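Commentary on secondary and tertiary structure
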Amino acid sequence: NIVTTTSDLGSIAAAVAGDHAKVESICTGKEDPHHLQARPKYIMMARNADLWIRTGMELEIGWEMPVIDGSRNSNIRPGQPGHLDASTNIEKLDIPDAGTISRALGDVHAQGNPHYLTDPLNARLVARDIAERLAQLDPANAEAYRANAAAFQQRIDERIPEWTRAMAAFENQSIVTYHKSWIYFAKRFGMPIAIELEPKPGVPPSPAHLNQVVQTVQQQKIGVILQEPWYSKKPAQLVAGKTGARIVVAPIATGGDPAATDYFSLIDLIIQRLGGK
Amino acid sequence: MSDPIICCRDVCVAYGRNEVLHQVNLEIPRGVFLPFTGPNGAGKTTLLRAILGLIPIRHGKIITPFRQKPAGYVPQQRVIDPLYPVSARQIVAMGLHRQLRWPGPLPHSRRTAIDAALEQFGMLEHASKTFRELSGGMKQKILLARAFVAGADVIALDEPTSELDESAETEVLNHLLRLNREMGKTILMVHHDLDQVARLTNTMCRIRHGKAELIETGGSHA
Amino acid sequence: MSDPIICCRDVCVAYGRNEVLHQVNLEIPRGVFLPFTGPNGAGKTTLLRAILGLIPIRHGKIITPFRQKPAGYVPQQRVIDPLYPVSARQIVAMGLHRQLRWPGPLPHSRRTAIDAALEQFGMLEHASKTFRELSGGMKQKILLARAFVAGADVIALDEPTSELDESAETEVLNHLLRLNREMGKTILMVHHDLDQVARLTNTMCRIRHGKAELIETGGSHA
Amino acid sequence: MHDSLNCLYCQFGDALSAGLLVAAVCSVLGVYVILKRAVFIGITLSEVATCGVAAAFLLGTPPFAGSLALVLGAVALLSLPFERQQIPRDALMGILFIAASALSVLLVAKSGPGLMEIDALLYGDLILTSRRELVTLLGILVPALLFFVGAFRPILYTFLDRDAARVLGIRAGLWETLYFLVLGIVIAATSQIAGALLIFCYLVVCPATALILSKRLMVVLWIAPLMAMTATFSGMLISFHADLPTNQTICIIACLLFITGAAIKQLVRFLVRLRIS
Amino acid sequence: MHDSLNCLYCQFGDALSAGLLVAAVCSVLGVYVILKRAVFIGITLSEVATCGVAAAFLLGTPPFAGSLALVLGAVALLSLPFERQQIPRDALMGILFIAASALSVLLVAKSGPGLMEIDALLYGDLILTSRRELVTLLGILVPALLFFVGAFRPILYTFLDRDAARVLGIRAGLWETLYFLVLGIVIAATSQIAGALLIFCYLVVCPATALILSKRLMVVLWIAPLMAMTATFSGMLISFHADLPTNQTICIIACLLFITGAAIKQLVRFLVRLRIS
Ligand SMILES: Nc1ncnc2c1ncn2[C@@H]1O[C@H](COP(=O)(O)OP(=O)(O)OP(=O)(O)O)[C@@H](O)[C@H]1O
Ligand SMILES: Nc1ncnc2c1ncn2[C@@H]1O[C@H](COP(=O)(O)OP(=O)(O)OP(=O)(O)O)[C@@H](O)[C@H]1O
Ligand SMILES: [Mg+2]
Ligand SMILES: [Mg+2]
Ligand SMILES: [Zn+2]
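Residues numbered from 1 in each chain as written. Chains lettered and ligands numbered in written order. Predicted model: local features only at pLDDT ≥ 70, side-chain atom pairs only at ≥ 80, totals over all residues. Heavy atoms only, no water.

1. Let's talk about the arrangement of the chains
In this assembly, eight pairs of chains are in contact, and the pair contributing the most contacts is chains D and E. Chain A shows no contact with chain B. Their nearest C-alpha atoms sit 37 Å apart. As for chain C relative to chain A, no contact occurs, and the smallest C-alpha gap between them is 36 Å. (Contact = heavy atoms within 4.5 Å.)

If you want it as C-alpha cells, here you go:
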C-alpha cells in the first residue's frame, strides 16, 4: 500500500508501482494541499500504508504530522524507510539564504519552493526515487518497479520535446503568476516570471503592489497571467483590464480539472491553456 | 349609552396549557371610563393586550375600531431597550407616528403637541434624557405622554399610576376624567385602588377566575 | 432608639453632570420602619441603591453593616433577563445564597423556608413558572419573597406594593410592620402613599431637592 | 506637481468611490445591526453564501442563484420575532454560521470543485473594484439607503418597542422582515465586491464608535458614516503608500478610531467627575 | 464477530474519548454562553489566538505565549460589565474579531512567517487527537468542570440579576471575570486540539437545543451535554463509515438535532393548542 499526500505524487507512484501496489492519494487535486480537512479515512489510509510519500518542503506542514501521529503507524514516520520525502533529490529553488531566514524576513517556503512537480524533469527524478524506495521495501518486485520507473521516465523524455515546442512561443516571454507556484515550470520552459500578484502567500495584494504589477506588465509587455482555479480572478482581471493581458487558469495538480487525469494530461492541459486553447 | 366600541365574543386566551381567560363576553360602550380590576394574575393585562391585538386569542372574536384609529396604550412593564440612544421626547413623538408620514424634523405643530404632553407631566426639563436615565415614575410619565399625545379615541392604560407620586397620580386620574367627560374618549384602565375607582366611575370590569364582567363599583359616584 | 445602623455623611451621588443627591447626612437608627418619600425623580431609588452599595458615590461616606449580614432588597424595576430558564422558586432560593454553600439540591429546612415565603404571597402554585410567565404583581411578590426568605436584619424595598392588588398590599404592609415590631428588623421602604405611611410609622425620610431629611409623618400613629 | 502615479484617486478612483459609498451606507445600516444585537450577521451571511454556492455547484444551478436563495432563507429565519423565543437571535445566527460552514465542507467533500474555488468566487477586495461593480453597488446601495431613510420611523419604532409600535398600527413583522431583507441583500452584494471582513467592519466598528460618542440617535446616524468614510479614505491612502493590504488597513484604522472614541469618552467622564466633586 | 478494522472505538479510541469529554464540558459551559449572549465568543477567541501567534512570531516570543496573552486580554475586555455600557457585549466581540483578523494579515504582510504556518500551528481536528492531547484535555476540562459545578450558584445569580447578587454579598465582578477566564482557557485549549468550528458548535448548537426543549435550568444543563455527546458519537461513526470530515459531520448532526428539537417543540405547542380549544 502506497499513500501519497498529493495527487501528482499519486499519479507518478501509480505509474511506478504498476500492479504490485495499491496507490492512494490524500488530496484529490481540488483542494489546496495547504488547507485540508482531516477525515477518518486519511488516518486509516496512513495506518495501512507501507510507504508514505510526501511532497515535503513544508507543503503539507498543516496536517501531515497530525495524520501520521494519528495513524500510530511508526513505519511511515519521517526517517523510517516507509517515509519518502520526494523533494530529497530535487534541485530546490527559492531557498532563502541562511542569513535572511530570520523571523523578521520569514517566508512560507522556508525550505524552498515546494511546487516542484510542475517541472516534468523533477517528476522524472521523483519516479526514480520512488522506484528505489519501493525496491528497498519490496525486493521481490524490485525489477518491476525499476522497469516501470524507466518507462515513466522514457515517456517524459518523449514528451519533453513536444512540450518544449508547444512552449516555444513563451521562450523568454515573461508572465505573471498569482502564487509562487509556477517557478519550476517556468524555469523549465525558459519563461521568466516577472512578478507575482500575491505579494506573500495568504496576503491580499496592496494597491502599491498592484500598481507595480501593472507597471511591470506594461513595461515588459507581458501577455499572460497564470493562476490556479482556487485563487480569485479579480486581481488578475484588474491587471488585465488595465493592460490587456490574458488570464490563464490552469490546474496545478492532477485531478484539479476533469481533463487532468494523470501527470501527463496535466502538463498537456497547462500547456494547452497557456497556448490559449 | 351608545353602541359598543369594543366587543369580545367567547374569547379564550391561553399561554400554553394555562387558559387565562375562558369564554369572555364583553361589550364596552363608546365613551365609557372603564376600570379593569381583579387580583394579581387574574388576567387583566392579558385581556387588555388581547383587545389591543397584541396576543393571539385561541378562540372567539374581538371587534375593535383600532384598524381605522389606533388606540393609545400605556403598558404595564416599562421596558424599552436601554441600549437605544433615543430621548424621552422621541419616545413621545412615537405616539404621533400616524401623523408623521415623512422622515426629517418634526413640523412645528407636532413639536408643540409633544411639548404640551411633556409639560403636562412636568417632564419638559427631562425631555432630552434617554429612557434609561429616567426614574421609574418618570418612565411611566413618558409612556403616559406618548399615549395621550395623538388624541386617540380609545386609551388603554395598564396600571398607569403605579409608580407615580401622589400629586402626579391625582393629576393623571383627573386628566383621564376630563378626557372622558369633556371629549368623550373611551378609557380602559387597569387599576388596583378600588376606592379611587369608586370615586371615578360607576361601572367597572371585574376579571376573576377567567371571566370578565361589568359590575357596579358601588361607589358614591352618580 | 439605639445607635444608628446606617450612617450617611456628606454623601453626593451624580449621574454624569446631573448631581442627584447633594451632601446628604442621614442616620438611620436600628430597628426603625423608615419610609422614603418624595416626588418622582427626587432620588429615592438613587439613595437606596447607594446605601446598598449598588452605585458609586462621588463623595462622602456611607457606613452599613451589610458586609457581615447582607440586606434583603426589592428593586423598583422588576427586570430579570427573561431568557433564563429559572423558576420562581429558584429566584426565591437566591435569597438564601449565604446559607447554600454547596451546589446540589436544597436541604429540607431550606425548602420549607422557601415554600413558606412563597405561600405567604400565595405564589406556591405558581412556583414553577419562569419569571417571564408571571404577571406584574406576581413578579413583585416573588421579589418580595426573595427579600424576606433569608431573614435579613435590614430590608430595603423600592415601591414594593406598586402593582399589588389591595389585599396583597395590606398583607405586605402588615407583614413589614410585624417584622419591624416583633422581630426588630430595620425596614427601609420607598412609598408614595402618604396616608398609608402616616398609618404605619411616625418618622419618614423625605427626599427633595437633592437632600434627605428625617421628618415626622404627622400621622395618627403613636 | 501632480504625480498621477502617486495619486490614489488617479490610480484607484473607482475603488475609492466604491469604498466611500459602501462605508456610508453600511455604517448607517450597522447602527441598527448593533442595536438589534445582530452584530455577527455579516460573517454569518457570508458563510451562508459560500454554502449556497457549494450547493448550487452540486445541483448544477447557477452559483449566485444558490447563494442568494440561501442568504434570503437565512435572513427570513433571522427576522423572526425573537422577543418571545427561548433562545436569543444571535444563538440562531451562530447555528446558521456553524451549519453553513460545516455543510459547505461536506458538500465539497463529496463532489464539485474545492472549497477554495468557491471562496475565490465570492472573494471581494475593495481595491479591486471595477467600474462595473461600482455601478452595481450604486444600483443596490442607493435604493437601500432610500428605503432606510424612508422607512426610518417605522423601523425605529418597531425595534424600540414592538408592542407599542403594533398598537400604533405599524406592521412590525413586515418592517422587521423588510429591514433584514435589505440588510441581507446589501451584505451579500457588498461582501462579494468589497470583502466580507470589511463589510463586517463597516457594520460594526464604526456604528459602535458612534454609539459610544453620542446619546442622540440622529447624531449617531451621522457620525457613523463619517467615521466609516474617514477610515476608508485614510486606510486606502495608508495602504497605498505603505504597501499594505487595503481592506485590513481600513479595518485597523476603524478599530483605532473606536479605541480613540472610547478613550475620549472615558476622559470626558473623568473630567466631569473631577469638576463636580 | 468483532471486526476491529471497522470498529470506531478500536481505531479512534482516544479521539472518541476526547470528543465525548470536550462535548460534555463545552456544552455545559455553553448554556451560559448563550444566556449571556456571548454566542460568537468561540470564533472570536480563535481569531484572537491566530493574531497572538502572528504577533509572537514578529516579536520572536514563543507562539503559544503570544496567543495565550492575547486571548486572556480579550477575555478580560469581554468580562467587563456591559449592563451599563452604550454598546452591547457582542459589539465589542465583533470589534475584537475584526481587529484580530485584520491585524493577523497585516502582521503577516509586513514580516513573520505566512498565515499558513500560523494556521498549521493552531490547526485542530478531533479525529487527530493524540493520547498526549487527551491527557492535556483532561487536565484542563476536569478542573474547568469542577470550577463550574462548584461556583454554579454565584455565577448563575450574578448573570441572572447582578444587582440582587451584589446585595446578597456575591462578588459579581469577580465571578463574571472568573467565568470568562475559564471559558477563554477552555476555548483556547480545546479549539487547538479539536478544531475551532467544533468547539463553537458545542458551545452553541447543543445548548440552544436544550434551551428550546426545556424551561428548567437543571434539565437544560443535563440535556445539553447529552445532545453534544450523542452528536459526537454518531457524527464520528457516520464520518468513519461514510468517509466524511469528522468535525463537520458532528456539526451537521448537532444542527439536525437542533432542527428536530425545534420541530418537536412546535408540534407540542400545536397539540396543546388543539386540545384546549
Ligand atoms: N408570557 C406569559 N407566559 C405564560 N404565562 C403568562 C404570561 N403572561 C402572563 N401569564 C400568566 O397569565 C396569568 C394572567 O396574567 P396577567 O398578566 O394577565 O395578570 P394581571 O391580571 O395583569 O395581573 P397583575 O395585576 O399582577 O398585573 C397569570 O397566571 C400569569 O402567570
Ligand atoms: N442610570 C441613570 N443615569 C442617569 N440619570 C439617572 C439614572 N437613574 C436615575 N437618574 C436620574 O436621577 C434622578 C433620580 O432618579 P431616581 O430613580 O433616584 O428617582 P426616584 O426618586 O426613585 O423616582 P421615582 O419615584 O420615579 O422612582 C432622576 O432625575 C433621574 O433622571
Ligand atoms: Mg397586569
Ligand atoms: Mg425610584
Ligand atoms: Zn505555496
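2. Structural notes on the site of ligand 1
In the neighbourhood of ligand 1, 21 residues make up the surrounding shell, with Thr45 and Thr46 of chain B together with Glu133, Ser135 and Gly137 of chain C lying closest. Residues within reach of ligand 1 are spread across chains B and C. Within the backbone of Gly43 of chain B, an N or O atom sits 2.8 Å from an oxygen atom of ligand 1. Burial of ligand 1 by the protein amounts to 88% of the accessible area it has alone, namely 630 Å². Of all the secondary structure elements, the ones that give two or more residues to the shell around ligand 1 are strand S2 (18-29) and helix H1 (44-51) of chain B together with helix H4 (136-149) of chain C. Its residues assigned to classes, the shell around ligand 1 comprises five nonpolar, eleven polar and five charged. (Near = heavy atom within 4 Å. Polar contact = N/O pair within 3.5 Å; in protein donor to acceptor, adjacent residues only side chain to side chain. Areas by Shrake-Rupley, 256 points an atom, 1.4 Å probe, with all protein chains shown as cover. Helix = DSSP H or I, 4+ residues; strand = E, 2+ residues; numbered from the N terminus. Nonpolar A, V, L, I, M, F, W, Y, C, P; charged D, E, K, R; others polar.)

3. Examining the coordination of the magnesium ion (ligand 4)
All names here are of chain C. Binding of the magnesium ion (ligand 4) to the protein goes through Thr45 (OG1) and Gln76 (OE1), at separations of 1.8 to 2.2 Å. With Thr45 in helix H1 (residues 44-51) and Gln76 in the loop between strand S5 (72-74) and helix H2 (88-94), this pair connects stretches of sequence that are 31 residues apart. Residue Thr45 is classed as partly exposed on the basis of its relative accessible area, which comes to 21%. (Donors = N, O, S within 2.8 Å, 3.2 Å for Na, K, Ca; no water. Buried < 20%, exposed > 50% of the residue type's maximum accessible area, 1.4 Å probe, protein only.)

4. Section: the interface of chain E and chain D
Each partner contributes to the interface: chain E provides 47 residues, whereas chain D provides 47 residues. Its largest share of buried area at the contact with chain D, chain E owes to Phe40, Gln86 and Ile98 of chain E, together 18% of the area lost on that side. Scanning the region where chain E abuts chain D turns up four residue pairs in polar contact (both at pLDDT 80 or more). Where the side of chain E that touches chain D is concerned, the elements lending two or more residues are helix H2 (41-59), helix H4 (89-110), helix H10 (196-213) and helix H12 (246-276) of chain E. Ranked by the residues each element gives to the side of chain E that touches chain D, the list is headed by H4 of chain E, at 16 residues. Considered class by class, the residues forming the side of chain E that touches chain D number 33 nonpolar, seven polar and seven charged. (Buried area = accessible area lost by both parts, 1.4 Å probe.)

5. Examining the sheet that holds strand S2 (residues 23-25) of chain A
Pairing between sheet strands relies on hydrogen bonds along the backbone, with the strands arranged either parallel or antiparallel. Residue and element names in this part refer to chain A. The four strands are arranged S2-S1-S3-S4 in an open sheet whose pairing can be described as parallel. Single-partner strands in this sheet number two, and they are S2 and strand S4 (83-85). With strand direction ignored, the average angle separating the axes of adjacent strands in the sheet is 20°. Pairing analysis gives three bridges linking strand S1 (residues 2-4) to strand S3 (residues 51-54), with the strands arranged parallel. (Pairing = 2+ DSSP bridges. Axes fitted to C-alpha atoms, helices over the stretch in contact; angles between N-to-C directions.)

6. Observations concerning the pairing of strand S1 (residues 4-15) of chain C
Residue and element names in this part refer to chain C. In terms of strand pairing, S1 meets strand S2 (residues 18-29) through eight bridges, oriented antiparallel. Among the inter-strand pairings, Ile6 is bridged to a residue of S2, identified as Ile28. Linking S1 back to S2 in an antiparallel pair, the connection comprises two residues, with Gly16 at a positive phi of about 60°. Two elements, S1 and strand S4 (residues 59-63), share four bridges in a ladder whose sense is antiparallel. Its bridge partner lying in S4, Cys7 is registered against Ile63.

7. Thoughts on the side chain of Thr4 of chain A
Inspection of the secondary structure puts Thr4 of chain A in strand S1. Here Thr6 of chain A takes part through its backbone oxygen, which lies 3.0 Å from a polar atom of the side chain of Thr4 of chain A.

8. Re the environment of Phe147 of chain E
In this fold, Phe147 of chain E is placed in helix H6 (residues 131-150). Contacts of Phe147 of chain E, omitting those with residues within four sequence positions, involve Ile155, Trp175, Leu178, Tyr179 and Val182 of chain E.

9. Concerning the sheet that holds strand S6 (residues 154-158) of chain B
Residue and element names in this part refer to chain B. What the six strands build is an open sheet, ordered S5-S6-S7-S3-S8-S9; its pairing is mixed. Only two strands of the sheet have a single neighbouring strand rather than two, namely strand S5 (72-74) and strand S9 (211-216). Sheet twist, expressed as the mean angle between neighbouring strand axes with direction ignored, is 15°. In the sheet, strand S3 (residues 33-37) pairs with strand S7 (residues 186-190) via four bridges, with the strands oriented parallel. Following the sheet pairing, Phe33 is matched in S7 by Ile187. In the packing of helix H5 (residues 166-183) onto the sheet, the strands contacted are S3, S6 and S7, and the crossing angle to S7 comes to about 150°.

10. Considering the pattern of salt bridges
Considering all chains together, one arrives at 37 salt bridges over all chains under this definition. For Glu91 of chain A, the salt bridge identified is with Lys187 of chain A, shortest N-O distance 3.8 Å. Remark: Lys187 of chain A occurs in helix H6 (residues 183-188) and Glu91 of chain A occurs in the loop between S4 and helix H4 (120-137); sequence separation between them is 96 residues. Under the relative-accessibility criterion, Glu91 of chain A is labelled exposed at 55%. Note that Arg146 of chain C is salt-bridged to Asp161 of chain E, the shortest N-O span being 3.2 Å. Of this pair, Arg146 of chain C sits in helix H4 while Asp161 of chain E is found in the loop between helix H7 (152-160) and helix H8 (162-167), placing the two residues in two different chains. (Salt bridge = Lys/Arg side-chain N within 4 Å of Asp/Glu carboxyl O.)

11. Considering the nonpolar core
Side chains of nonpolar character tend, in soluble globular proteins, to be buried together. One finds Tyr32 of chain D together with Tyr32 of chain E to be the most contacted residues of the largest nonpolar core, which totals 385 residues. Other than its neighbours up to four places away in sequence, Tyr32 of chain E contacts Phe148, Phe152, Ile155, Leu156, Phe159, Tyr179, Leu217 and Leu221 of chain E. In this structure, Leu48, Ile51, Ala156 and Val190 of chain B belong to the second largest nonpolar core, which totals 33 residues. (Core = buried A, V, L, I, M, F, W, Y, C linked by side-chain atoms within 4.5 Å.)

12. Overview of a nonpolar patch on the surface
Residue and element names in this part refer to chain D. Among the surface-exposed residues, Leu68, Leu72, Leu181 and Ile185 lie close enough to one another that they form a single nonpolar patch of about 280 Å² accessible area. Where the nonpolar patch is concerned, the elements lending two or more residues are helix H3 (63-78) and helix H9 (172-194). Tracing the backbone through its elements, the reader meets Leu72 in helix H3. Looking at Leu72, the relative accessible area reads 31%, which means it is partly exposed. (Patch = residues over 30% accessible without salt bridge, like charges linked within 9 Å, V, L, I, M, F, W, Y side chains within 5 Å.)

13. Side note on the site of ligand 2
Among the 21 residues in the neighbourhood of ligand 2, the closest are listed as Glu133, Ser135 and Gly137 of chain B together with Thr45 and Thr46 of chain C. One finds residues of chains B and C in close proximity to ligand 2. Interatomic distance of 2.7 Å between a side-chain N/O atom of Lys129 of chain B and an oxygen atom of ligand 2. Notes on ligand 2: free accessible area 630 Å², of which the protein chains cover 88%. For the shell around ligand 2, the secondary structure elements donating two or more residues are helix H4 (136-149) of chain B together with S2 and H1 of chain C. Its residues placed into classes, the shell around ligand 2 shows five nonpolar, eleven polar and five charged.

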